[in-house]
Amino acid sequence: VSEQQAPDNDVVSRRRFLSRISLGLSALAAAVVSVPILAYLLSPLLRPAPQEWRDVGAVDSFRVGQTVEIAFDEPSPLPWAGQTAQTAAWLRRNSDTQFTAFAVNCTHLGCPVNWRADAELFMCPCHGGVYYADGTVAGGPPPQRLVTYDTQIVNGRVQLLTKPVSFGEA
Amino acid sequence: MKAVIGWLDDRLGLTTVFKPLIEHPVPQTGWDYTIGSATLIAFAVQVVTGVALAFTYVPTPDHAYESLQFITDTAVLGSVVRGVHYWGATAMVLLVSAHAAQVFLIGAFKFPREVNWLSGTLLLLFTFGMAFTGQLLRWNQDAYWAVVVGAAQAARAPLIGDWLTGILFAGQSVGGATLTRFYATHVFMIPAIIFGLLGLHLYLVVRHGVSEPPVAGVPVDRVTYRQRYERLLHHHGVPFWPDAGWKDVVFALAVGTIVLLLAIRFPPDLGEKADPTMLLTYPRPDWYFLWYFALLALIPPQIEDAFIILFPLLLGLLFVILPFVAPTGERSPRRRPWAIGVVVIFAVSVAALLGAGYRSPWSPDLKASHLPASVTSGLSGSALQGSQLFETRGCLNCHTIAGQGGQRGPDLTQVGARLGPNELTWRILNGGRNMPAYGTTLSPAELSALADFLGGLR
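Residues numbered from 1 in each chain as written. Chains lettered and ligands numbered in written order. Predicted model: local features only at pLDDT ≥ 70, side-chain atom pairs only at ≥ 80, totals over all residues. Heavy atoms only, no water.

Asks: I keep staring at the overall build of chain A and nothing clicks. Help me out?
Replies: Helix and strand counts for chain A come out as two helices and eleven strands. Taken from N to C terminus, the helices and strands of chain A fall in the order α-α-β-β-β-β-β-β-β-β-β-β-β. In summary, chain A has a C-alpha radius of gyration of 29 Å against a globular reference of 15 Å for 170 residues, an excess of more than 25%. C-alpha extents for chain A along the principal axes are approximately 105 × 40 × 25 Å. In chain A, which comprises 170 residues, the share counted as buried stands at 40%. Total accessible area on chain A is roughly 9,300 Å²; 55% of this is exposed by carbon and sulfur atoms. Taken together, the 13 basic and 15 acidic charged side chains of chain A have centroids lying 6 Å from each other. (Helix = DSSP H or I, 4+ residues; strand = E, 2+ residues; numbered from the N terminus. Rg over C-alpha atoms; globule rule 2.2 N^0.38 Å. Buried < 20%, exposed > 50% of the residue type's maximum accessible area, 1.4 Å probe, protein only. Areas by Shrake-Rupley, 256 points an atom, 1.4 Å probe, with all protein chains shown as cover. Lys, Arg positive; Asp, Glu negative; His and termini not counted. Charge placed at Lys NZ, Arg CZ, Asp CG, Glu CD.)

Asks: I would appreciate a short explanation of the packing of aromatic side chains in the present structure.
Replies: The geometry of two aromatic rings is summed up by the distance between their centres and the angle between their planes. Residues and elements named next belong to chain B. Scanning the model with the defined rule gives 28 aromatic pairs over all chains in all. With a centroid separation of 5.3 Å and 70 degrees between ring planes, the pair formed by F43 and F195 is classed as edge-to-face. Of the two residues, F43 is situated in helix α3 (residues 34-54) and F195 in helix α9 (residues 176-208); the sequence distance between them amounts to 152 residues. We classify F43 as buried; its relative accessible area is 6%. With 4.9 Å between their ring centres and 15 degrees between their planes, F307 and F311 make a pair best called stacked. Here F311 and F307 lie together in helix α13 (residues 304-325), a separation of four residues that amounts to about one turn. For F307, a relative accessible area of 15% corresponds to the buried category. (Phe/Tyr/Trp six-rings, centres within 6.5 Å; stacked < 30°, edge-to-face > 60°.)

Asks: Honestly, the interface of chain B and chain A in this entry has me stumped. Any pointers?
Replies: Interface size is often expressed as the accessible area that is lost when the parts come together. At the interface, 59 residues of chain B touch 55 residues of chain A. Interface of chain B and chain A: buried area, both sides summed, is about 4,300 Å²; carbon and sulfur atoms make up 62% of it. Counting the surface chain B buries against chain A, the share from its top three residues, B:Q172, B:L279 and B:L366, is 17%. Put simply, chain B and chain A have zero salt bridges between them. Looking at the side of chain B that touches chain A, the elements that each hand over two or more residues are α7 (141-154), α8 (161-169), α9, α12 (287-298) and α13 of chain B. With seven residues, the single largest contributor to the side of chain B that touches chain A is α7(B). Here the residues of the side of chain B that touches chain A sort into 33 nonpolar, 18 polar and eight charged. (Contact = heavy atoms within 4.5 Å. Buried area = accessible area lost by both parts, 1.4 Å probe. Salt bridge = Lys/Arg side-chain N within 4 Å of Asp/Glu carboxyl O. Nonpolar A, V, L, I, M, F, W, Y, C, P; charged D, E, K, R; others polar.)

Asks: Honestly, unusual backbone geometry in this entry has me stumped. Any pointers?
Replies: Trans peptide bonds make up most of the peptide bonds, and negative phi angles are found at most residues other than glycine. At the junction of B:F111 and B:P112, the peptide bond is cis and its omega measures out at 0 degrees in the coordinates. Inspection of the secondary structure puts B:P112 in the loop between α5 (78-105) and α6 (114-137). Between B:W241 and the following residue, B:P242, the backbone shows a cis peptide bond with an omega angle of 0 degrees. Within the secondary structure layout, B:P242 lies in helix α11 (residues 240-265). Despite not being glycine, A:N155 shows a phi value in the positive range, around 55 degrees. Notably, B:L159 is not glycine yet its phi reads approximately 65 degrees, a positive angle. Mapped onto the secondary structure, B:L159 falls in the loop between α7 and α8. For B:L159, a relative accessible area of 88% puts it in the exposed group.

Asks: Would you mind showing me how to read the state of the cysteines here?
Replies: One way to say it: the disulfide is the covalent bond shared by the sulfur atoms of two cysteines. What the rule picks out here adds up to one disulfide over all chains. Here A:C111 engages in a disulfide with A:C126; their sulfurs sit 2.0 Å apart. As the torsion about the S-S bond is roughly -75 degrees, the A:C111-A:C126 disulfide counts as left-handed. Of this pair, A:C111 sits in the loop between β4 (99-103) and β5 (114-116) while A:C126 sits in the loop between β6 (121-123) and β7 (130-132), and the two are 15 residues apart along the sequence. This cysteine, A:C124, is not joined by any disulfide, and A:C106 carries the nearest cysteine sulfur, 3.9 Å off. Judged by relative accessible area, A:C124 falls into the buried class, the value being 2%. Cysteine B:C398 shares no disulfide, and the gap to the nearest cysteine sulfur, in B:C395, comes to 8.9 Å. (Disulfide = S-S within 2.5 Å.)

Asks: What should I look at first to understand the packing of α5(B) against α11(B) in this one?
Replies: Helix packing geometry: the angle between the two helix axes and the distance between the axes. All names here are of chain B. Viewed as axis vectors pointing N to C, α5 and α11 meet at an angle of 135 degrees, and their least axial separation amounts to 8 Å. Taken together, the axes of α5 and α11 are oblique relative to one another. For α5 against α11, the interelement crossing comes out right-handed. Touching V80, G83, V84, W87, G88, A91 and L95 of α5 are F251, V255, V259, L260, L262, A263 and I264, all from α11. Of the residues belonging to the contact of α5 with α11, the class tally is twelve nonpolar, two polar and no charged. (Axes fitted to C-alpha atoms, helices over the stretch in contact; angles between N-to-C directions. Parallel < 35°, antiparallel > 145°, perpendicular 65-115°, else oblique. Left-handed = near helix turned anticlockwise from the far one by under 90°.)

Asks: Whenever I open this one, helix α16 (residues 381-392) of chain B confuses me. Can you help?
Replies: Since there are 3.6 residues in each turn of an α-helix, residues three or four apart along the chain are aligned in direction. All names here are of chain B. End to end, α16 covers 17 Å across twelve residues, agreeing with the expected 16 Å (1.5 Å per residue, within 8%). Three or more residues of α16 are buried, namely A383, G386, S387, L389, F390 and E391. Those residues of α16 that are buried are in contact with α15 (373-376), α17 (395-398), β3 (400-401) and α20 (444-455). Taken from the residues just after α16, G394 is the one with a positive phi, measuring 95 degrees. (Expected span 1.5 Å × (residues − 1).)

Asks: Explain the environment of B:R11 here, please?
Replies: Residue and element names in this part refer to chain B. By the secondary structure assignment, R11 is in helix α1 (residues 2-12). Judged by its relative accessible area of 52%, R11 falls in the exposed class. When the C-alpha positions of R11 and V342 are compared, they lie 51 Å apart, and in sequence the two are 331 residues distant.

Asks: Sorry if this is basic, but what is going on with the pairing of β4(A) here?
Replies: Sheet faces and side chains relate simply in a regular strand, where the side chains alternate between the two faces. All names here are of chain A. In terms of burial, β4 is largely enclosed, as five of its five residues are buried. Residue alternation in β4 divides its side chains into two sets, F99, A101 and A103 and T100 and F102, and both sets are buried. Sheet topology note: the strand β3 (residues 86-93)/β4 ladder contains five bridges and is antiparallel. Bridge pairing in β4 links W90 to F102. From the end of β3 to the start of β4, which pair antiparallel, there are five residues. Pairing geometry for β4 and strand β9 (residues 148-149), over two bridges, is antiparallel. (Pairing = 2+ DSSP bridges.)

Asks: What is the right way to read the confidence of the model for chain B from this model?
Replies: In regions of low pLDDT, the predicted coordinates are not meant to be interpreted in detail. Chain-level pLDDT for chain B is 94 on average; 100% of the residues reach the 70-or-more range. Per the prediction output, this complex has pTM 0.93; the corresponding ipTM is 0.91. (pLDDT = per-residue confidence, 0-100.)

Asks: Help me understand the nonpolar core in this model?
Replies: Proteins that are soluble and globular tend to have nonpolar side chains buried together. Membership of the largest hydrophobic core comes to 59 residues, with the highest contact counts inside it found for A:W90, A:V113, A:F122 and B:Y57. Listed by contribution, the elements that provide at least two residues to this core are β3 of chain A together with α4 (64-73), α6, α7, α9, α12, α13 and α14 (337-359) of chain B. Ignoring any residue separated from it by four or fewer positions in sequence, one finds A:W90 in contact with A:T67, A:V68, A:E69, A:T100, A:A101, A:F102, A:V104, A:V113, A:N114, A:W115, A:F122 and B:L279. Counting 27 residues, the second largest nonpolar core, distinct from the first, contains A:V130, B:L371, B:L396 and B:L412. (Core = buried A, V, L, I, M, F, W, Y, C linked by side-chain atoms within 4.5 Å.)

Asks: Quick question: what am I supposed to make of the sheet that holds β5(A) here?
Replies: For sheets, the rule is that strands pair by backbone hydrogen bonds, running either parallel or antiparallel. Residues and elements named next belong to chain A. Across the sheet, four strands lie side by side as β5-β6-β7-β8; this open sheet has antiparallel pairing. Of all the strands in the sheet, the pair left with one neighbour each is β5 and β8 (137-139). This sheet shows a mean twist of 35 degrees between the axes of neighbouring strands, independent of strand direction. Pairing of β5 with β6 involves three bridges; the strand directions are antiparallel. Across the sheet, the residue bridging to R116 is L121, located in β6.

In structure tokens, the structure reads:
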């Protein structure tokens, strides 16, 4: 007969109970703590994306048939955003009353396309995407035409509707 | 003094715990076994220099770049501290990659060290995570567009693409919230994960012992391996410190010296400050991602969507399943020629892609503006006008003539010998393959002038 007594069933079940309740409570506490942390970290996804009309200049300051770079403020940028509070776009005046605003992002991988006025092409410096003046693909890897912003003319001023950066229209 | 040392020894357990640990017997190994420990030292250097940089760096878009300018130009020896952090990052990426390649080559991932390999895989992954987040903190044009290019790849993911983009941007676009998140990720989150994984990795090295140099014809067998390893240690083992450790010290010192010299001799560039409205820029990632950047330019567009998502996942999957696919058997690279093949093919591919990335022949040369005088000097009339159109209408951005111009399209130095006037006109009008069609933007007179100019190039 061994000197060490095997613990009886009561002790075993008590230990199992204590172990389980301790682990369970700890897991619960961890879950409770992580709710506010996760919500805080994911807040940019939970907040609806605000869209705002931005004034980008007088209609008369753009010549018909020309494409120029414009810059506008993002909706509600953070106070420390500095230069990144702004976003650029290419604005083309198609006719007296019609404008097209192109996103600068190449639909391939998002690099900024350059308007080459003499060649009448947008060229991307990253992987060689090329687009015609109307934003359709002229060459290179881009899967689709340049993304556009909505524009409107109010009291002789051109306005652009901001939107989240995207790399193609769905 | 002796009493103090004795007290410390007793309370800390130096001779009872620490001494046996660093003097534990290890197989006699060569210089290739010092790569892993050098990676560890490089990490320590990154932590120390990183903490030093954080004393000054301001992680907000309006001042990050200026604070780095201050560190680089004004702070006492700041450029050296930043230089060591920069070149140390290069050292870490190289060392961790070389360590993975070496462990793969000598089959050290096999039984019983599968989890060593898996933890090492994660350490490799997070080292690249540090490299990506680190280059962003420079907050120059390259950094800004690297976030955008990263987000554009994430956006290709099915279903969760927009969600991932939102996470990377921390909002609608790169802005005030983006940099602070990458900063916290770079200085807190990933380092904490790396510390944890390193602890596990080192614990496992001690638990299973460092793998013995492989011998051809002596395969790993689950039943006999541990016994054989113990016997090897018993007969041929040497204490890790100092018999094996001195090599680690020498190699780590050599790496450290190179990093320091590079930091002094080639202090890293800051580039231009991030500005989303300055669009004339050539965004390029740091070299550790440039090869992938090149790959994305060269793969056929048809497979691109699948490639961008599946390539990283498949690469990760291969790393994870490796120790389970080949847990036993021969370790020696002499008996595993395919292992040598994989490493050589991978290294050559990355080197070739890096070279392509630096040349970027697929990008239009947006700065090309003039044909060489040797081409234009003898021209007159229509051909002269054609040569001017060639410069201004964007042809020169993609085509080289006599060494000047872009490399996107074919070299046209002798195009007149290949194509007749009608073929030239047809090509310019309709474009083709990757060439835009100029039918709507050139007048008939301009078109014939261009054809005259190009037809004369022989």
